[in-house]
Amino acid sequence: MTTMTETSARFREFKMPDVGEGLTEAEILKWYVQPGDTVTDGQVVCEVETAKAAVELPIPFDGVVHELRFPEGTTVDVGQVIIAVDVAPGSGDAPAPAADPVQEPVEEPEAEAEPKGRTPVLVGYGVAESSTKRRPRKGAPAAPEAAAVAAAVQAELNGHAAPAPAAAPAPSVPAQGGATGGRPLAKPPVRKLAKDLGIDLATVVPTGKDGVITREDVHAAAAPASAASEAPAQAAPAPAAAEAPVATEPTAVTDAARETRVPVKGVRKAIAQAMVGSAFTAPHVTEFVTVDVTRTMKLVAELKEDKDMTGVRVNPLLVIAKALLVAIRRNPEVNAAWDEANQEIVRKHYVNLGIAAATPRGLIVPNIKDAHDKTLPQLAEALGELVATARDGKTSPAAMAGGTVTITNVGVFGVDTGTPILNPGESAILAVGAIKLQPWVHKGKVKPRQVTTLALSFDHRLVDGELGSKVLADVAAILEQPKRLITWA
């Protein structure tokens, strides 16, 4: 997709690119530049989060930043202009930006006629010239001493605590821009949220910077709305009476304090969609086996002292990954994908080994390309790079595409096993449980041995029970007798 347009010989615009495979939107996490800053070709100007990963975007030309079209935290569709650059500074006075997106949110276009005095910008219309009036604080303490008092005051300000005095305007009457001095300031996603919840933004007191209404303000207004709607509306005889019935305030404050609503977006949204799609598309079968891995743990200790493994991280996951690759070589039919559109089973002659990684932004599954061709030191190096990149939040969408099978190591959390859900498009996923010292019958005697439980989930459309069992049994056999890495390879 072309991410750059030329509005004139002097100004060039940079559009939100498709940084993944068919992604439609991305959230601007951070701007690294501001209007007036000089940028050069290839310089990173912002960081965005897609449904797959956080990605830094470089600008493809030199110049001076003229305008940032969206503030941080905004979700932008692919193809929308996000930054304008003056590529010929000093050629005369530059026109003023349409609006300062970092200070005021861009309004959504609406079907009804807009109030006079508002000019079109990139998306919708700029804010009205006059400022937004706020509901006066009734009975609010001058200096609250505790968070509970502040929360109670906020609830009252939003019109959900005590009934308002008779002289106050009814919350159910929507305010008009011309009458109140302007529409309430809120970002398009917040407006949509308010519409979905049936909340009139004119009745919500903003807590954001410069009077902007936030998601939290809308949720605070919506939380007690259902309870308030059930009670008959009664006018208070006097302002003092409005302060008297405080019995309902602790309930509102308590409810707000006990719940936190987190918007579903970015990586979390992608995880949810992928897991639901996988769970209800591929018929999952999960098999388990408990195995003595004492010899594998001894091999790991020996490899750590091997000079050929100097500089790379050696751990049980490395040997388990190699064991799975050998098992796939012995049972190649398991390394396949189901093509629903063409009604075909696509058998892969390569293994892109996925490793499930927990990151601050959620679960991601980057994969090691052509893992089947790598030696043990090469596999160890690739694993180390994959984990380090994931922890830094720098995994690219390309690194998460094209996986064939996956390993998830739930043992690091002390968990014995699990029933993992397939990564979409893959045929199998191996879960590795915690390795623990347990009593085990070894050579006819009960001895303490290091034991773990493996779980293999597979797509039953293309992997029969026999095939899945053979793969799991082979992995277990290798971990029990690591010499099979040589004899079976």
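Parameters and conventions
- Residues numbered from 1 in each chain as written.
- Predicted model: local features only at pLDDT ≥ 70, side-chain atom pairs only at ≥ 80, totals over all residues.
- Heavy atoms only, no water.
- Patch = residues over 30% accessible without salt bridge, like charges linked within 9 Å, V, L, I, M, F, W, Y side chains within 5 Å.
- Areas by Shrake-Rupley, 256 points an atom, 1.4 Å probe, with all protein chains shown as cover.
- Salt bridge = Lys/Arg side-chain N within 4 Å of Asp/Glu carboxyl O.
- Helix = DSSP H or I, 4+ residues; strand = E, 2+ residues; numbered from the N terminus.
- Core = buried A, V, L, I, M, F, W, Y, C linked by side-chain atoms within 4.5 Å.
- Buried < 20%, exposed > 50% of the residue type's maximum accessible area, 1.4 Å probe, protein only.
- Contact = heavy atoms within 4.5 Å.
- Phe/Tyr/Trp six-rings, centres within 6.5 Å; stacked < 30°, edge-to-face > 60°.
- Lys NZ or Arg CZ within 6 Å of the ring centre and 35° of its normal.
- Pairing = 2+ DSSP bridges.
- Arc of directions from axis to C-beta.
- Polar contact = N/O pair within 3.5 Å; in protein donor to acceptor, adjacent residues only side chain to side chain.
- Axes fitted to C-alpha atoms, helices over the stretch in contact; angles between N-to-C directions.

(A) A nonpolar patch on the surface, seen in detail. There is a patch of nonpolar side chains on the surface, built from Val412, Phe413 and Val415 and spanning about 310 Å² of accessible area. Within the fold, Val412 resides in the loop between strand S19 (405-409) and strand S20 (428-432).

(B) Representation of the nonpolar core. Residues Leu324, Leu353, Ile407, Leu430, Leu454, Val475 and Leu479 are the most contacted members of the largest nonpolar core, which totals 47 residues. Those elements that provide at least two residues to this core are helix H9 (294-304), helix H10 (316-330), strand S15 (353-355), helix H11 (376-391), S19, S20, strand S22 (445-459) and helix H12 (465-480). Considering every element that reaches this core, the biggest residue donor is H10, with eleven residues. If near-sequence neighbours (up to four positions away) are discounted, Ile407 is found in contact with Leu317, Ile320, Ala321, Leu324, Leu353, Gly354, Ile355, Ala356, Leu430 and Val432.

(C) Broad picture of unusual backbone geometry. Non-glycine residue Gln343 carries a positive phi angle of around 55°. Structurally, Gln343 can be placed in the loop between strand S13 (336-339) and strand S14 (344-347).

(D) Focus on the packing of aromatic side chains. Per the stated rule, a full pass over the model turns up zero aromatic pairs. The cationic tip of Arg330 hangs over the ring face of Trp488; the distance from NZ or CZ to the ring centre is 3.8 Å.

(E) Region of the structure containing the pairing of strand S7 (residues 63-68). By the criterion of burial, S7 is predominantly enclosed, with six of the six residues buried. For strand S4 (residues 38-39) and S7, the ladder comprises two bridges, and the chain directions are antiparallel. For Val39, the partnering residue across the bridge sits in S7 and is Gly63. Pairing of S7 with strand S9 (residues 81-86), which is carried by four bridges, proceeds in the antiparallel orientation. What sits directly across from Glu67, in S9, is Ala84.

(F) Local environment of helix H3 (residues 188-197). The set of residues buried in H3 consists of Val190, Arg191, Leu193 and Ala194. On an axial view of H3, the arc spanned by its buried residues comes to 160°, and they lie on one face. Relative to its buried face, H3 has exposed residues pointing more than 90 degrees away, namely Lys192, Lys195 and Asp196. Residue Gly198 follows H3 closely and has a positive phi angle near 75°.

(G) Here's a closer look at the environment of Arg10. Following the sequence through the fold, Arg10 ends up in the loop between strand S1 (4-6) and strand S2 (11-15). The exposure class of Arg10 is buried, given its relative accessible area of 14%. As a C-alpha pair, Arg10 and Val85 span 75 residues in sequence and 8.4 Å in three-dimensional space. At 2.8 Å, the side chain of Arg10 and the side chain of Asp86 are in polar contact.

(H) Broad picture of the sheet that holds strand S5 (residues 44-49). Ordered in space as S6-S5-S3-S8, the four strands form an open sheet in which the pairing is antiparallel. Pairing within the sheet leaves two strands with one partner each, and these edge strands are strand S6 (54-58) and strand S8 (75-77). The average undirected angle you get between the axes of adjacent strands in this sheet is 40°. As defined by bridge partners, strand S3 (residues 25-31) adjoins S5 across four bridges and the pair is classed as antiparallel. Opposite Glu27, over in S5, you have Glu49 as the bridge partner.

(I) Quick peek at the pattern of salt bridges. The full count for this structure, using the stated rule, is ten salt bridges. In this structure, the salt-bridge partner of Asp292 is Arg449, at a minimum N-O distance of 2.8 Å. Here Arg449 lies in strand S22 and Asp292 lies in strand S12 (residues 284-292), a separation of 157 residues in the sequence. Of the two residues, Asp292 and Arg449, neither departs from the other in class, the shared state being buried. The structure contains a network of salt bridges with shared partners spanning Glu13, Glu67 and Arg69.

(J) The environment of Thr296, seen in detail. Secondary-structure assignment places Thr296 in helix H9. The spacing of Thr296 and Ile478 is 182 residues in sequence and 8.5 Å in space, taken between C-alpha atoms. Residues within four places of Thr296 in sequence aside, it is in contact with Val319, Ile478, Leu479, Glu480 and Pro482.

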